[in-house]
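Secondary and tertiary structure notes
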Amino acid sequence: MFFYLAIKNIIARKSSAVIVAFIAFAIMLLVATNAVFDSTEHGVEETFTHSFCGDIVIRPFFETQLSLFGDDTPVTGELSSIPNVIPFDEIEKELLQIDEIERTLPQVSGTAMMEAGSERVPVTLFGVDGEKYAEMMNALSISEGRPFSEGEKGLMLTKKHADELGVKIGDTVQFTVADGISFRIRAVPLTAVYEYAVENATLDKIVLIDAPTLRALLDMSDTVQNETIEEADFMLDDFDSLFDSASDTQAVVTETISDDVFENEVQEAKSASWNFIICRLKDAKDTKKVMHKINRIFKEKDYPAEAVNWRKSAGNTAIYLYWMRLILNVGIIIVLFSGFIVINNTLVINVLDRIREIGTMRAIGANKRFVSAMCMTETFIIACAAGVLGIIAGAAVSAMINAAHISFSNLFLIQLFGGARLVTKITAQNILHSAAVALILGLLSWIYPVSAALKAIPVQAMQGAK
């Protein structure tokens, strides 16, 4: 009975079509927008977790939010210090006792100027065990050479960096870190050239180097060093004058770094001085559960560290993607709120036009509950119809975007959307959320008009009173 009367009343009023069209349009925008970001976020997550940040990252507490790139301070002559994970040995032992964790890998992070010949490039350095890193990050493919092992001096570059510097396997690459008006310099042999499965500007910033060399570059104060190690501090007014010629550069490198010095430095390979611990899980679906478990352990034992997911450890790209999605969804919600006002006013007019009908129903025995249920049913049908139409339209727009093969040439957009092509993906969660928004919008719009109609006295309503 309810459905028959509701459908009859909906069909009899042209304003119903306006309401359906508006809600459907808003839902279409919601579905299409989230289809883009669902696909993009999934693609970026897959790329980042299998390229450099794993499933979970253990990081120290700090006044700012740290990613694996530190606090993302650019190389401007000052190097921001990144705190260490402490107590490292105890934390690593706790992690290895968690069944869901397949393996862990400690990492030191820092920024430096990379040089070969006359070429100079600012980079982010990841101090790791090269062999273990290559095993953990399966999106990384070695094209030349081999990864350096624990205790071995070495460097791994992307093919893009190797081509840019014009270096090949066995060549020496120099790294310089400025500390006020002094500089620390280290030279490392190139042992491997690698490529990533997906091109991304974030990945292009990364250079892999042995941890002892990076510690020496960063002058990590809590690392025990052999007394024979001496820092190459050059008190100069002009940094560029130090490298006026390639021969001068080579002389500095030869004087600063000898094999004997590095032999002393590699003794630190077992050092507990690490900035991060990257974790790979047996099943990535357990990430949220394992993160909660780790953070609970850290809290109980009062360790100044926390476990975070890929989004918080991947740096600016992941944050940009999150905020862009949030801003666009907020924009759509504002549109929906504006639509709520329009829909509410339209329903009020509809109900007021039906005052005589409602009064007659009340006079012949229909109680307020019956009238409310009938109006609610009408609104429910309108909301459902609009939601279904909006989801279908959103899916169609999504398919059209995929069929259009929209490509990017801008590096920022390629980095932001996880690839050179815009791809969309409709998920069940997207559909459920959009349907819920349509239903809630319809039901909220129903409340005031019906309450206004029920205040009318049946006799006056039958006479046409408003």
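Description of the structure in this document.

Conventions adopted
Residues numbered from 1 in each chain as written. Predicted model: local features only at pLDDT ≥ 70, side-chain atom pairs only at ≥ 80, totals over all residues. Heavy atoms only, no water. Helix = DSSP H or I, 4+ residues; strand = E, 2+ residues; numbered from the N terminus. Buried < 20%, exposed > 50% of the residue type's maximum accessible area, 1.4 Å probe, protein only. Contact = heavy atoms within 4.5 Å. Pairing = 2+ DSSP bridges. Phe/Tyr/Trp six-rings, centres within 6.5 Å; stacked < 30°, edge-to-face > 60°. Lys NZ or Arg CZ within 6 Å of the ring centre and 35° of its normal. Expected span 1.5 Å × (residues − 1). Arc of directions from axis to C-beta. Polar contact = N/O pair within 3.5 Å; in protein donor to acceptor, adjacent residues only side chain to side chain. Patch = residues over 30% accessible without salt bridge, like charges linked within 9 Å, V, L, I, M, F, W, Y side chains within 5 Å. Areas by Shrake-Rupley, 256 points an atom, 1.4 Å probe, with all protein chains shown as cover. Salt bridge = Lys/Arg side-chain N within 4 Å of Asp/Glu carboxyl O. Core = buried A, V, L, I, M, F, W, Y, C linked by side-chain atoms within 4.5 Å.

Concerning the overall build of the protein
- In terms of regular secondary structure, the protein is built from 17 helices and 10 strands.
- The buried share among the 466 residues of the protein stands at 51%.
- The long-range share in the protein, meaning contacts at least 24 apart out of those at least 6 apart in sequence, stands at 79%.

A word on the pairing of strand 8 (residues 206-210)
- With respect to burial, strand 8 is a largely interior element, five of its five residues being buried.
- Side-chain alternation along strand 8 places Ile206, Leu208 and Asp210 on one buried face and Val207 and Ile209 on a second face that is also buried.
- Here strand 3 (residues 119-128) runs beside strand 8; their pairing, made up of five bridges, is parallel. Bridge pairing in strand 8 links Thr124 to Ile206.
- Pairing of strand 5 (residues 155-158) with strand 8, which is carried by two bridges, proceeds in the antiparallel orientation. From the neighbouring strand, Leu155 faces strand 8, where its bridge partner is Ile209.

Things to note about the packing of aromatic side chains
- Taken as a whole and judged by the stated rule, the model has eight aromatic pairs.
- Summarising the aromatic geometry, the rings of Phe69 and Phe126 are spaced 5.6 Å apart at their centres and angled 45 degrees between planes, so their arrangement reads as tilted. With a gap of 57 residues between them, Phe69 in the loop between strand 1 (56-60) and helix 3 (88-96) and Phe126 in strand 3 connect regions that are remote in the sequence. Note on accessibility: Phe69 and Phe126 belong to one class, buried.
- A network of ring pairs unites the aromatic residues Phe48, Phe52, Phe69, Phe126 and Trp310 as a single cluster.
- The ring of Phe69 carries Lys205 above its face, with NZ or CZ at 4.3 Å from the centroid.
- The ring centre of Trp274 lies 4.4 Å from the NZ or CZ of Arg215, which sits over that ring.

Brief notes about the pairing of strand 7 (residues 182-196)
- In terms of burial, strand 7 is a largely internal element, 13 of the 15 residues being buried.
- Strand direction decides the pairing type here: strand 4 (residues 140-145) and strand 7, joined by five bridges, are antiparallel. Bridged to Leu140 within strand 7 is Tyr196.
- The pairing of strand 5 with strand 7 spans four bridges and is parallel.

Re the environment of Ala385
- Mapped onto the fold, Ala385 is located in helix 14 (residues 368-404).
- Each C-alpha atom, one on Ala385 and one on Ile23, is 9.3 Å from the other, the two residues being 362 residues apart in sequence.

A word on helix 10 (residues 287-301)
- Taking 1.5 Å per residue as the helical rise, helix 10 with its 15 residues ought to reach 21 Å, and the 21 Å between its terminal C-alpha atoms agrees with that figure.
- When we look at burial in helix 10, the residues that qualify are Thr287, Val290, Met291, Ile294, Ile297 and Phe298. The buried residues of helix 10 all sit within an arc of 130 degrees when viewed along its axis, so they share a single face. In helix 10, the exposed positions that point more than 90 degrees away from the buried face belong to Lys288, His292, Lys299 and Glu300.
- Where helix 10 is buried, its residues contact strand 1, helix 3, strand 2 (101-116), strand 9 (276-281) and strand 10 (305-308).
- Just downstream of helix 10 lies Asp302, where phi reads positive at about 60 degrees.

Observations regarding the side chain of Asp204
- The residue Asp204 is located in helix 6 (residues 201-204) in this model.
- Judged by its relative accessible area of 18%, Asp204 falls in the buried class.
- A polar atom in the side chain of Asp204 sits 3.2 Å from the side chain of Lys160.

A few points about helix 3
- Buried within helix 3 we find Phe88, Ile91, Glu94 and Leu95. Along helix 3, the residues classed as buried sweep out an arc of 130 degrees about the axis, all on the same side. Exposed residues pointing more than 90 degrees away from the buried face of helix 3 are listed as Lys93 and Leu96.

Quick notes on a nonpolar patch on the surface
- Taken together, the side chains of Ile319, Tyr322, Trp323, Leu326, Ile327, Val330 and Ile334 present a nonpolar region at the surface, about 650 Å² in accessible area.
- Topologically, Leu326 is positioned in helix 12 (residues 316-353).
- For Leu326, a relative accessible area of 32% corresponds to the partly exposed category.

Brief notes about the nonpolar core
- With 45 residues, the main nonpolar core has Ile58, Phe175 and Ile294 as its most contacted residues.
- Residues in contact with Phe175, not counting those within four places in the same chain, are Met113, Met114, Val123, Leu125, Leu155, Arg184, Ile185, Arg186, Val188, Val207, Ile209 and Leu217.

Structural notes on the pattern of salt bridges
- In the structure shown here, the tally under the stated rule is 11 salt bridges.
- Salt-bridge contacts for Arg103 lead to Glu135; the nearest nitrogen and oxygen are separated by 3.7 Å. Taken together, the positions of Arg103 in strand 2 and Glu135 in helix 4 (residues 130-136) put the pair 32 residues apart, joining distant regions of the chain.
- On the accessibility criterion, Arg103 (32% relative accessible area) is partly exposed.
- One salt bridge in this structure joins Asp171 and Lys168, with 3.9 Å as the shortest N-O distance.
- The class of Asp171 is partly exposed, set by a relative accessible area of 23%.
- You can call Lys168 exposed: its relative accessible area is 55%.

Everything listed here is a matter of geometry and, on its own, says nothing about what the molecule does.
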